[in-house]
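Fold and geometry: a report
What follows is each chain in one-letter form.
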Amino acid sequence: MIRFDNVSKSYPKQNRPALREVSLEIEKGEFVFLVGSSGSGKSTFLRLILREERASTGQVHVLGKDLARLSNWKVPHMRRQLGTVFQDFRLLPNKTVAQNVAFAQEVIGKPRGEIRKAVPQVLDLVGLGGKEDRMPGELSGGEQQRVAIARAFVNRPMLLIADEPTGNLDPQTSVGIMKLLDRINRTGTTVVMATHDQNIVDQMRKRVIELEKGRLVRDQARGVYGYQH
Amino acid sequence: MRAQFVLSEIGVGLRRNLTMTFAVIVSVALSLALFGGALLMREQVNTMKDYWYDKVNVSIYLCTKADATNGDKCAKGAVTAEQKKQIEADLKKLSIVENVYYESAEEAFGRYQEQYGDTAIASVITPDQMPESFRVKLKDPEKYKVVATAFEGRDGIESVQDQRNILETLFNMMRSVNYAAVALMLLMLVIALMLIINTVRVSAFSRRRETGIMRLVGASSFYIQMPFIMEAAFSGLIGGAFACVLLVAGRYLLVDHGLNLAEQMPLVNFIGWDVVLAQLPLVIVIGLLMPSVAAFIALRKYLKV
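What you see is a predicted model, and the numbers here were worked out from it, not measured in a lab.

Considerations on the overall build of chain B
Within chain B, the secondary structure is distributed over 12 helices and 4 strands. Nonlocal contacts in chain B, meaning residues at least 24 apart in sequence, comprise 84% of its contacts between residues at least 6 apart.

Some details on the domain arrangement of chain A
Size of an interface: often given as the accessible area lost when the parts come together. Residue and element names in this part refer to chain A. Partitioning chain A into domains gives domain 1 (2-81 + 157-220) and domain 2 (92-155). For domain 1 versus domain 2, the distance between C-alpha centres works out to 24 Å. Counting from both sides, the interface comprises 11 residues of domain 1 and, opposite them, 10 residues of domain 2. If one sorts the elements of the side of domain 1 that touches domain 2 by residue count, helix 6 (residues 171-186) sits on top with 5 residues. In terms of residue class, the side of domain 1 that touches domain 2 is made up of 7 nonpolar, 3 polar and 1 charged.

Notes on unusual backbone geometry
Residues and elements named next belong to chain A. Despite not being glycine, Lys13 shows a phi value in the positive range, around 70°. Positive phi, close to 50°, is recorded for Lys213, a residue that is not glycine. Counting through the fold element by element, Lys213 comes out in the loop between strand 9 (207-212) and strand 10 (215-220). Lys213 gets classed as partly exposed once you count the C-beta atoms within 10 Å, which come to 15.

Topic: the sheet that holds strand 2 (residues 97-103) of chain B
Residue and element names in this part refer to chain B. Strand order in this open sheet of 4 strands is 2-3-1-4, and the pairing throughout is antiparallel. Looking along the sheet, the strands with just one partner apiece sit at the ends: strand 2 and strand 4 (157-162). With strand direction ignored, the average angle separating the axes of adjacent strands in the sheet is 15°. Note: strand 1 (residues 58-62) against strand 4, 5 bridges, orientation antiparallel. Bridge assignment links Ser59 to a residue of strand 4, and that residue is Gln161. Along the sheet, helix 7 (residues 144-151) makes contact with strand 1, strand 3 (133-138) and strand 4, crossing strand 4 at roughly 170°.

About the cut-offs
Residues numbered from 1 in each chain as written. Chains lettered and ligands numbered in written order. Predicted model: local features only at pLDDT ≥ 70, side-chain atom pairs only at ≥ 80, totals over all residues. Helix = DSSP H or I, 4+ residues; strand = E, 2+ residues; numbered from the N terminus. Contact = placed C-beta atoms within 7 Å. Domains from an automatic or database assignment. Nonpolar A, V, L, I, M, F, W, Y, C, P; charged D, E, K, R; others polar. Buried ≥ 20, exposed ≤ 12 C-beta atoms within 10 Å, placed from the backbone. Pairing = 2+ DSSP bridges. Axes fitted to C-alpha atoms, helices over the stretch in contact; angles between N-to-C directions.

Shown next as structure tokens:
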């Protein structure tokens, strides 16, 4: 599903590389936590998977494709097989819940009939049945994140990338979001989630990958957030 | 791609940027009107050239009785029938001469009356004051000098005139106006392009949320850029339409009504409506393409896809 071979990434005007010789493999259907302090390279790691950045050296394979050799115009096609969720939800404030989810299908040219079927289905799945016509501003943070997850999942991606999805939520709401992500993972979708949330990582007991100053320092099945905490 | 979705996006974008859109439309309209005007001016010069160069090349004016008394060139008196025959024969012998027409004083008078019939001077002119002349058509109009040196100063000849000289002055003036129009057009074009680029930048910035999401869910760059390009194309199309209106109105007000040059200058045959209308599609197409290309180039910079 995802393979990093000796991947380093340096940004111009920064003397320390953001990632240093990271090698790892994530299998289909896995649930992986990506932990590490700010500036440890988590975001760079995710951006490389999304091909928002290219590796400076080494190879990144996602869904069986070498991203270095993927031409620019094929990138959108690759991204259709990924779903992304962020800390700040990134919903369109002037569209309803249903329109926000439908937007993800409209812009890749899905037929209208298919959209009309898929949107209520996925909203039911994330527990927002009946709130189709609400505006994002009328929803709680947890509900907004559910909309974002619905949008990420509506195209049934093989891989879901979540960048601190619970970062803006209280602990109780976060648990609900994690249950949802777990459910999505059980449908066979690989989930990679960057987080700072110690409780969640410790409770879920999934694979934990820890980065520190750009290096892979821990890769542990059924891990916890960190030894020292 | 679903047209309704794209169209609604364009509508939103244009309304959000109403003042900017208006500025783009005006600058595109002005630059295209100048462009069309310059094209029409060139057509006008060409039409006049074709018309006049075909008719006149060199005129050899013969001495009249009046010339004999007040000019030194015709000191030997008015041209005689003998001299006329000789001149015509000599002209026809020249290999560069294609044709020689003789214009009698009466014909010259008739033509004069026709052109300046209403003016005060026309009423005091009499046929015998008009010079007889030979109108010489050359195979190569540039060879005027040969005729001039051969006949200038000969008995019975008042003057040899290359009528192109008079026309050239006029044409040169028109050409200068044309260059000025083109220069102004280029300036307006640069302004229009900068406005379009800025509009696209503002537009891309105000919709960065949407485009960011589109990018993440894997919309193709064509799909993401389309609304912006269509927006620019739409403004350009409106601008082009305005330019067409300006051109048609310009021809109408200058030639047919208003200044009414068609009646004021009967000697000039103005370009017809067909020529004006023939330019309009070109103006529209450029109005459509130029902003689209500008927007496309601007997007590469301001909209990372």
